[in-house]
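Architecture at a glance
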Amino acid sequence: MAEARSPFGTDSRSALERAMAAPRIAIESTSPVIEQGRFAAKAIVGQPVVVSSKIFADGHDQLAAALFWRAEGEQGWHRTRLKHLGNDLWQAQFVPTKIGPHQFAIEAWWDIFETYRYELTKKHAAGVPIALELEEGRLQFVQAIERSQGETRAVLVELLERYNAAPHELEKVALLLSGETMAAMAAADPHRHRVRSPEYPLDVDRPLAQFASWYELFPRSETDDPARHGTFDDVIARLPKIRDMCFDVLYFPPIHPIGRKHRKGRNNSLHAGPDDPGSPYAIGSEEGGHDAIHPQLGSREDFRRLVAAAADHGLEIALDFAIQCSPDHPWLKQHPGWFAWRPDGSIRYAENPPKKYQDIVNVDFYAKDAMPDLWLALRDVVVHWVEEGVKLFRVDNPHTKPLPFWEWLIADVRAKYPEVIFLAEAFTRPAMMARLGKLGFAQSYTYFTWRNSKTELSEYLTELNRPPLSECYRPNFFVNTPDINPYFLQTSGRPGFLIRAALATMGSGLWGMYSGFELCESAPVPGKEEYLDSEKYEIRPRDYQAPGNIVAEIAQLNRIRRENAALQTHLGLKLYNAWNDHILYFGKHTADLSNFVLVVVNLDPHHAQEAHFEIPLWEFGLPDDAAMHGEDLMTGHRWTWYGKTQWMRLEPTMPFGIWRIHPAR
């Protein structure tokens, strides 16, 4: 007789064995996790990292779970218990104390004693006879003693003795349900059906990655005469004024030698005069390349003095890392294999249609001779400037360079220098911008520059506060750049500059401005989002105290940010009701509500706007008729609101309000 075959095939036995060994407990939807742990979520040293998971199993047994974490290189794990918040959601938090890569994982198991306590509590409360349950409790002590040792065993032995000596049922129940017993039994728990999640990566940055105010200037324009090239010493002389505006970061476009071949003239002209300085993005000449300094700016020692002087004023220097070369860059002669040459021996210049950059050529990352030498050379450029004291890099157009290159370079640099921060200057597709954040860029430029209406801003601010962007992307709200003169600012006058400054400083923990913004500079190339007489192609002295400037307002906005912890991140922003489509109204607060800031902005630079609006009394658990104290952080004026619904009017001369609130006592 032929042997009977299983309908499940010859592998049914091994499938059965796998099923019997499979976890009974599910750990799902863990956060913060990006693409199942392919990329690291972002965190800040010294700030809580909240970890949550859906954890559940079959049946009604009680579960327990623990969070494990460690910095890369640590041998042991730190551990804390997760708390069950209901509906299978568990949560815990930890505070990283080091910058650099971390890992975390979650373990869950059946909690034998907690299951027993849960059932005993219900039966005792219901008046059900519990003699058998009390014997089970005694056996719980006995079994826990058998599998424990040391101090835990001693505590359990003492508890069992007290249990046996207890003369009444109520005393026995009280001992079984006590916190002391719960702690001892937890220490001796056998962790039945224990399951562990994968180890998820976390990238921990220093606070400047989340909260900073960037100020951009061209060092060569720090002069009072367009015929005299500014120097690092001129920048040093300006540092007190930048400090007084309460900026944290002073950022320079490329400071390297500028090529002469195809040098651009004023207003991007193809024909440069003998005195035209050229675009600093045309990097490289006979004086050197990416690791050299333009000789008219000063010496290496001058630069070091600048870095030190900036630090004395509470400023960090950020440099532009632009991976592009002028046709005069030394690499073209030293390493011609790093470039793609055309059949006639020429090299294609850079383009970003409709823009053309005849003074720039690009490297070929995947040319045969470029791998790995070009990649290593570019890494060494970054390390060179790090060792000169620069820990912040604004990266020019990273989305036009290979993603594997950035993932490798950032990880390689930060493995030795974890304090280094990279800002992505990427105005491109949303998926690409998010991917750069996942790969290691600590900050990114954003679409904020082109979000002007209440609907646009509301949708964008909400998007930035939700996963996955909230876990992998830190937005830096630059209000303008040397390349971008937004249409809104071209026609809105001084009120428009105040509006955009308020939105940027209050909407994100990171914001930046290019010099001239404080003077409300807006003259455009007709029909384009470009500056007329662009500083990219000429030396441009400025009178920073010119009439109509907003220097004082910018300084106060930055001061408010420093003094209010709720404003030091883009996260936690909530939109509130203001019944006017021209008024954006939102709030931010710390977890304990001790710092609660409301922001209202009139988005119309030409007309006053009025609205009824709601004070978020519900955030404090207060009734609709409660009183709330308010303080205008721009003027210092104080008052008390009574009731939830109030009224406001915002004039173009001061088109925003920033109010710190707290309940009336």
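Residues numbered from 1 in each chain as written. Predicted model: local features only at pLDDT ≥ 70, side-chain atom pairs only at ≥ 80, totals over all residues. Heavy atoms only, no water.

**Topic: the nonpolar core**
Soluble, globular proteins show a tendency: their nonpolar side chains are buried together. If you look at the biggest cluster of nonpolar residues, it comprises 133 residues, and the most contacted ones within it are Phe-321 and Phe-422. Ranked by residue count, the leading element in this core is helix 15 (residues 487-507), at ten residues. Those residues within four positions of Phe-321 in sequence are excluded, and the remaining contacts are Leu-378, Val-381, Val-382, Phe-393, Arg-394, Val-395, Asp-396, Trp-406 and Leu-409. Counting 23 residues, the second-largest nonpolar core is a separate cluster that includes Ala-212, Ile-258, Tyr-357 and Leu-392. (Core = buried A, V, L, I, M, F, W, Y, C linked by side-chain atoms within 4.5 Å. Buried < 20%, exposed > 50% of the residue type's maximum accessible area, 1.4 Å probe, protein only. Helix = DSSP H or I, 4+ residues; strand = E, 2+ residues; numbered from the N terminus. Contact = heavy atoms within 4.5 Å.)

**A look at helix 7 (residues 232-244)**
In this model helix 7 runs 19 Å from its N-terminal to its C-terminal C-alpha over 13 residues, within 8% of the 18 Å that 1.5 Å per residue would give. The largest bend along helix 7 measures about 40° and falls at Arg-238, with the proline Pro-240 one to four residues further on. Considered for burial, the residues of helix 7 that qualify are Phe-232, Asp-234, Val-235, Arg-238, Leu-239 and Ile-242. The inward-facing, buried residues of helix 7 contact strand 11 (212-216), strand 12 (249-252) and helix 8 (300-312). The distance from a side-chain oxygen at the start of helix 7 to the backbone nitrogen of Asp-233 is 3.3 Å, and the residue carrying that oxygen is Thr-231. (Expected span 1.5 Å × (residues − 1). Bend = angle between axes of the 7 residues up to and from the residue. Polar contact = N/O pair within 3.5 Å; in protein donor to acceptor, adjacent residues only side chain to side chain.)

**Section: the packing of helix 15 against helix 16 (residues 551-563)**
Interhelical geometry of helix 15 versus helix 16 gives an angle of 15° and a closest axis separation of 10 Å. The angle between the axes of helix 15 and helix 16 places the two elements in the roughly parallel class. In the packing of helix 15 onto helix 16, the handedness of the crossing is right-handed. Together, Arg-494, Leu-498, Ala-501, Ala-502, Ala-504, Thr-505 and Met-506 of helix 15 and Glu-553, Leu-557, Asn-558, Ile-560 and Arg-561 of helix 16 make up the contact between the two elements. Looking at the contact of helix 15 with helix 16, its residues break down into seven nonpolar, two polar and three charged. (Axes fitted to C-alpha atoms, helices over the stretch in contact; angles between N-to-C directions. Parallel < 35°, antiparallel > 145°, perpendicular 65-115°, else oblique. Left-handed = near helix turned anticlockwise from the far one by under 90°. Nonpolar A, V, L, I, M, F, W, Y, C, P; charged D, E, K, R; others polar.)

**Some words on the sheet that holds strand 28 (residues 656-663)**
What the six strands build is an open sheet, ordered 21-22-23-28-25-26; its pairing is antiparallel. Of all the strands in the sheet, the pair left with one neighbour each is strand 21 (574-575) and strand 26 (638-642). The pairing of strand 22 (residues 583-589) with strand 23 (residues 596-602) spans seven bridges and is antiparallel. Counterpart to Ile-583 in the pairing with strand 23 is Asn-602. Along the sheet, helix 13 (residues 454-464) makes contact with strand 21 and strand 22, crossing strand 22 at roughly 20°. Sheet contacts for helix 15: strand 22, strand 23 and strand 28; angle to strand 22, the most-contacted strand, approximately 25°. (Pairing = 2+ DSSP bridges.)

**Focus: helix 6 (residues 179-187)**
All buried positions along helix 6 are accounted for by Thr-181, Ala-184 and Met-185. For helix 6, the arc enclosing every buried residue in end-on projection is 95°, short of the 170-degree limit, so these residues lie on one face. Turned more than 90 degrees away from the buried face of helix 6 sit Gly-179 and Ala-187, all of them exposed. Elements in contact with the buried residues of helix 6: helix 2 (112-126), helix 3 (131-146), helix 4 (150-165) and helix 5 (169-176). (Arc of directions from axis to C-beta.)

**Some thoughts on the pattern of salt bridges**
In the structure shown here, the tally under the stated rule is 47 salt bridges. In this structure, Lys-438 and Glu-35 form a salt bridge, with 2.7 Å as the shortest nitrogen-oxygen distance. In this pair, Lys-438 is assigned in helix 12 (residues 430-439) and Glu-35 in the loop between strand 1 (25-31) and strand 2 (41-44), connecting sequence segments 403 residues apart. A single network of salt bridges, built from pairs that share partners, joins Asp-203, Asp-205, Arg-414 and Arg-474. (Salt bridge = Lys/Arg side-chain N within 4 Å of Asp/Glu carboxyl O.)

**Digging into the UniProt feature "binding site: alpha-maltose 1-phosphate" (unreviewed entry) in the protein chain**
UniProt's entry tags Lys-264, Gln-324, Asp-359, Asn-397, Lys-536 and Tyr-537 with the feature "binding site: alpha-maltose 1-phosphate" (unreviewed entry), counted in the numbering of this structure. Examined against the element boundaries, Asn-397 turns out to sit in the loop between strand 16 (392-396) and helix 11 (403-416). On the secondary structure map, Lys-536 appears in the loop between strand 20 (510-514) and helix 16. For Lys-536, a relative accessible area of 8% corresponds to the buried category. Setting aside residues no more than four positions away along its own chain, Lys-536 makes contact with Phe-218, Arg-220, Gly-278, Ser-279, Pro-280, Pro-482 and Asp-483. (UniProt positions renumbered as here; feature names shortened; annotations may be inferred.)

**A few points about unusual backbone geometry**
In this chain, Ser-31 is followed by Pro-32 through a cis amide linkage whose omega measures 5°. With respect to the secondary-structure elements, Pro-32 resides in the loop between strand 1 and strand 2. Of note, the bond from Met-371 into Pro-372 is cis; its omega dihedral lies within 30 degrees of zero at 10°. Of note, Pro-372 is situated in the loop between strand 15 (355-361) and helix 10 (373-386). A positive phi is found at His-193, a non-glycine position, where the angle reads about 55°. Within the element layout of this structure, His-193 appears in strand 9 (residues 192-196). Backbone geometry places Cys-520, a non-glycine residue, at a positive phi of 60°. One can find Cys-520 in the loop between strand 20 and helix 16.

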